[in-house]
Amino acid sequence: MTIHKLLILTILTIVITSCGNDKKKKIDLFDVEIVNAKKRFTTSETLEVQLKNKKNTAITSIKYFLNDKEISTVNGNTISEIPLSNLKLGTQIVKAETTHEDGVEVDFTSITVVSSIKPKLYGYKILETYPHDIAAYTQGLEFVGDELYESTGQYKMSTLRKVDLQTGKVLQKTDLAPQYFGEGLTVMGDNIYQLTWRENIGFVYNKETLEQKSIFNYNNSKQGWGLCNDGNVIYKSDGTEKIWILDPETQQEQNHIEVYTNTSKIKTINELEWVDGHIYANIYQKDAIAIVDPKNGAVQGVINLKGLKDKVTQHSKLDVLNGIAYKGEPNILYITGKNWDKLFKIEVIEK
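Predicted model only: the values in this text are computed from it and were never measured. (Residues numbered from 1 in each chain as written. Predicted model: local features only at pLDDT ≥ 70, side-chain atom pairs only at ≥ 80, totals over all residues. Heavy atoms only, no water.)

(A) The arrangement of the overall build of the protein in detail. Across its full length, the protein carries one helix and 28 strands. For 351 residues, the compact-globule formula gives about 20 Å, and the C-alpha radius of gyration of the protein, at 27 Å, lies well above that figure. The proportion of buried residues among the 351 residues of the protein is 49%. The contacts of the protein with a sequence gap of at least 6 include a subset with a gap of at least 24, amounting to 53%. A total of about 17400 Å² of accessible surface is found on the protein, and carbon and sulfur atoms cover 49% of it. (Helix = DSSP H or I, 4+ residues; strand = E, 2+ residues; numbered from the N terminus. Rg over C-alpha atoms; globule rule 2.2 N^0.38 Å. Buried < 20%, exposed > 50% of the residue type's maximum accessible area, 1.4 Å probe, protein only. Contact = heavy atoms within 4.5 Å. Areas by Shrake-Rupley, 256 points an atom, 1.4 Å probe, with all protein chains shown as cover.)

In structure tokens:
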């Protein structure tokens with residue numbers, strides 16, 4: 001036999017052997033079953049979990065985990081109760097690690113956890129109206145004392161600016177390079193943080209000079225939409241139901257919450273503002289702001305701002321409400337939108 005034929009025979013043998021090994025399936029003995037199964041659970045409930053034993057295999061013990069945190073160990077196949085209190089909302093992974101007569105098997109299932117409270121409903125009253133740059137495609141708005149900072153979007157038109165509230169005049173401005181679409185901003189310490197939309201990077205500026213100091217990359221978040229901070233960490237939205245928690249020193253994503261009411265998730269979270277221990281989140285293309293618990297993502301209230309957009313000059317480039325600022329005045333917000341020629345000081349009123 002020639003070397004060439006021997007080489008071909010060897011390759012065929014490896015391929016056939018590999019294919020044969022691929023056909024060997026892992027023995028599947030169990031499934032994780034939710035005894036009290038339903039579409040959604042709340043944080044006030046307790047989950048009841050048990051294994052479905054497909055082949056009546058003798059079970060020694062089962063360890064149950066919730067999102068990789070060990071919750072309980074049971075002997076045999078008894079029902080395990082898992083309290084859902086103190087959980088973040090959204091999709092939760094239930095894992096069972098089963099020790100049985102032939103070894104160990106790991107199985108998974110998932111559940112959806114929503115808020116246990118119904119959101120309060122709020123309306124508004126306009127207290128004052130200020131001029132606003134009609135050409136500003138507002139993406140972020142934030143006060144530091146009496147100084148108002150604004151981020152604007154659109155390719156070739158994106159800016160970071162300092163604005164006079166009373167006149168709407170731009171006092172200081174930095175233009176973004178034409179390939180960047182500016183998004184939300186937040187001010188923390190001596191730094192201003194600004195996002196870009198789909199370019200997967202953010203910028204850090206000197207608060208006084210508006211000069212760019214550094215850039216940072218996103219990790220798991222899909223895009224850049226809104227920013228706010230609580231003085232310790234930065235919160236970032238990406239256009240989904242997720243709000244990411246960033247380290248202000250490294251700008252790296254440490255964790256996230258998912259925004260849910262008592263019935264469903266809130267998609268397309270946009271501009272963010274930190275107000276008295278809560279995240280106020282504008283819902284994209286909705287005249288509404290969700291009041292979000294930063295610990296678990298529960299929507300505790302909804303501010304209905306319907307009709308506010310009708311009070312600005314109507315024109316072809318007029319776009320959605322987007323821009324929430326807070327000065328520390330109880331129940332008072334400053335609101336504008338994309339290409340609005342007015343900025344409103346409103347009082348938030350519970351219905």
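(B) Geometry of the sheet that holds strand β28 (residues 342-350). Here we have eight strands laid out as an open sheet, ordered β22-β23-β24-β25-β9-β28-β27-β26, and mixed in their pairing. Each end of this open sheet is capped by a strand with a single partner; those strands are β22 (269-275) and β26 (321-325). Taken pair by pair, the neighbouring strands of this sheet meet at an average axis angle of 30°, ignoring direction. (Pairing = 2+ DSSP bridges. Axes fitted to C-alpha atoms, helices over the stretch in contact; angles between N-to-C directions.)

(C) Spotlight on the packing of aromatic side chains. Within the structure shown, the criterion is met by eleven aromatic pairs. Where Y137 meets F181, the ring centres are 6.1 Å apart and the plane angle is 85°; that geometry is what we call edge-to-face. One end of the pair, Y137, is in the loop between β9 (120-131) and β10 (138-144); the other, F181, is in the loop between β13 (170-175) and β14 (182-188), with 44 residues separating them in the sequence. By relative accessible area, which is 10% here, Y137 ends up buried. An aromatic cluster is defined as three or more aromatic residues linked by ring pairs; in this entry it consists of Y137, Y155, F181 and W197. One residue, K95, lies across the ring of F65, its end atom 4.5 Å from the ring centre. A cation sits over an aromatic face here: K236 above Y218, 4.2 Å from the ring centre. (Phe/Tyr/Trp six-rings, centres within 6.5 Å; stacked < 30°, edge-to-face > 60°. Lys NZ or Arg CZ within 6 Å of the ring centre and 35° of its normal.)

(D) Region of interest: the pairing of strand β15 (residues 191-196). When you tally the buried positions in β15, you get six out of six residues, the bulk of the element. Of the two faces of β15, the one lined by N191, Y193 and L195 and the one lined by I192, Q194 and T196 are each fully buried. Looking at chain direction, β14 and β15 are connected through five bridges and run antiparallel. Bridge pairing in β15 links L185 to Q194. Examined bridge by bridge, β15 and strand β16 (residues 201-206) share five bridges and lie antiparallel to one another. Note that in β16 the partner of Y193 across the bridge is V204. Count of turn residues in the β15/β16 antiparallel hairpin: four residues, of which N200 carries a positive phi of about 65°.

(E) Region of interest: the pattern of salt bridges. For the structure on display, the rule yields 14 salt bridges. Across the pair D133 and R161 runs a salt bridge whose closest N-O atoms are separated by 3.0 Å. With a gap of 28 residues between them, D133 in the loop between β9 and β10 and R161 in strand β12 (residues 159-163) connect regions that are remote in the sequence. By relative accessible area, which is 27% here, D133 ends up partly exposed. Between K342 and D341 there is a salt bridge, with its nearest N and O atoms 3.6 Å apart. Sharing partners across several salt bridges, the network here consists of D28, D31 and K54. (Salt bridge = Lys/Arg side-chain N within 4 Å of Asp/Glu carboxyl O.)

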